[in-house]
Amino acid sequence: LCGVFSQWVLPILKAEQSHLGRALIVFRALRFLRFVRFLRVLRLLRFGAESDFKWTASAWFQSVTALVILLNAVVIGLETDIQSPLWWYVEQVLLAFFVFELLARMKRYRP
């Protein structure tokens, strides 16, 4: 939102000098919110680095992973018969799960 504001809205408001002061205040507020969001991401990463990943070896996680692999196989089969631009989004969700699984297992079993 801050990038859109700085590239599109702020130049328009610069053309109208009467609203420029108010726009700069909003722009600074949006930059502050972006910084706060960055701090939240850092806190989440720290929590992930400090937490225990023993749940990756549990039966429920193994079952969920097996179900997602089965779902991926079904999606691959459906993609060959049904042409749709929505398959790309389904593949991205499945890819995100597989990347999460890989990272969680690497964190759990690291030396």
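Since the structure is predicted, the reported quantities are computational estimates derived from the model, not experimental observations.

1. Regarding helix 4 (residues 87-108)
It helps to recall that an α-helix has 3.6 residues per turn; residues three or four apart then point in one direction.
Move 1: The first and last C-alpha atoms of helix 4 sit 31 Å apart over 22 residues, in line with the 32 Å expected at 1.5 Å per residue.
Move 2: Regarding helix 4, the residues found buried are Trp 87, Leu 94, Phe 97, Glu 101, Ala 104 and Lys 107.

2. Considerations on a positive patch on the surface
Move 1: A contiguous patch of positive charge, built from Arg 31, Arg 34, Arg 37, Arg 40 and Arg 43, is present on the exposed surface.
Move 2: Residue placement: Arg 43 occurs in helix 2 (residues 20-50).

3. Regarding helix 3 (residues 59-81)
Move 1: Helix length check: helix 3, at 23 residues, gives a terminal C-alpha distance of 34 Å against a target of 33 Å (1.5 Å per residue), a fit within 8%.
Move 2: Those residues of helix 3 not exposed but buried are Phe 61, Thr 65, Val 68 and Val 75.
Move 3: On its buried face, helix 3 is in contact with helix 4.

4. Some points on the packing of aromatic side chains
Move 1: Tallied over the entire structure, the rule returns 7 aromatic pairs.
Move 2: For the pair Trp 55 and Trp 60, a centre-to-centre distance of 6.2 Å together with 20° between the ring planes defines the contact as stacked.
Move 3: The exposure class of Trp 60 is exposed, given its relative accessible area of 52%.
Move 4: Centre to centre, the rings of Trp 55 and Phe 61 are 5.2 Å apart; their planes meet at 85°, and the pair counts as edge-to-face.
Move 5: Residue classification places Trp 55 among the partly exposed residues on the basis of a relative accessible area of 29%.
Move 6: Judged by relative accessible area, Phe 61 falls into the buried class, the value being 2%.

Conventions adopted
Residues numbered from 1 in each chain as written. Predicted model: local features only at pLDDT ≥ 70, side-chain atom pairs only at ≥ 80, totals over all residues. Heavy atoms only, no water. Helix = DSSP H or I, 4+ residues; strand = E, 2+ residues; numbered from the N terminus. Expected span 1.5 Å × (residues − 1). Buried < 20%, exposed > 50% of the residue type's maximum accessible area, 1.4 Å probe, protein only. Patch = residues over 30% accessible without salt bridge, like charges linked within 9 Å, V, L, I, M, F, W, Y side chains within 5 Å. Areas by Shrake-Rupley, 256 points an atom, 1.4 Å probe, with all protein chains shown as cover. Salt bridge = Lys/Arg side-chain N within 4 Å of Asp/Glu carboxyl O. Lys, Arg positive; Asp, Glu negative; His and termini not counted. Charge placed at Lys NZ, Arg CZ, Asp CG, Glu CD. Contact = heavy atoms within 4.5 Å. Phe/Tyr/Trp six-rings, centres within 6.5 Å; stacked < 30°, edge-to-face > 60°.

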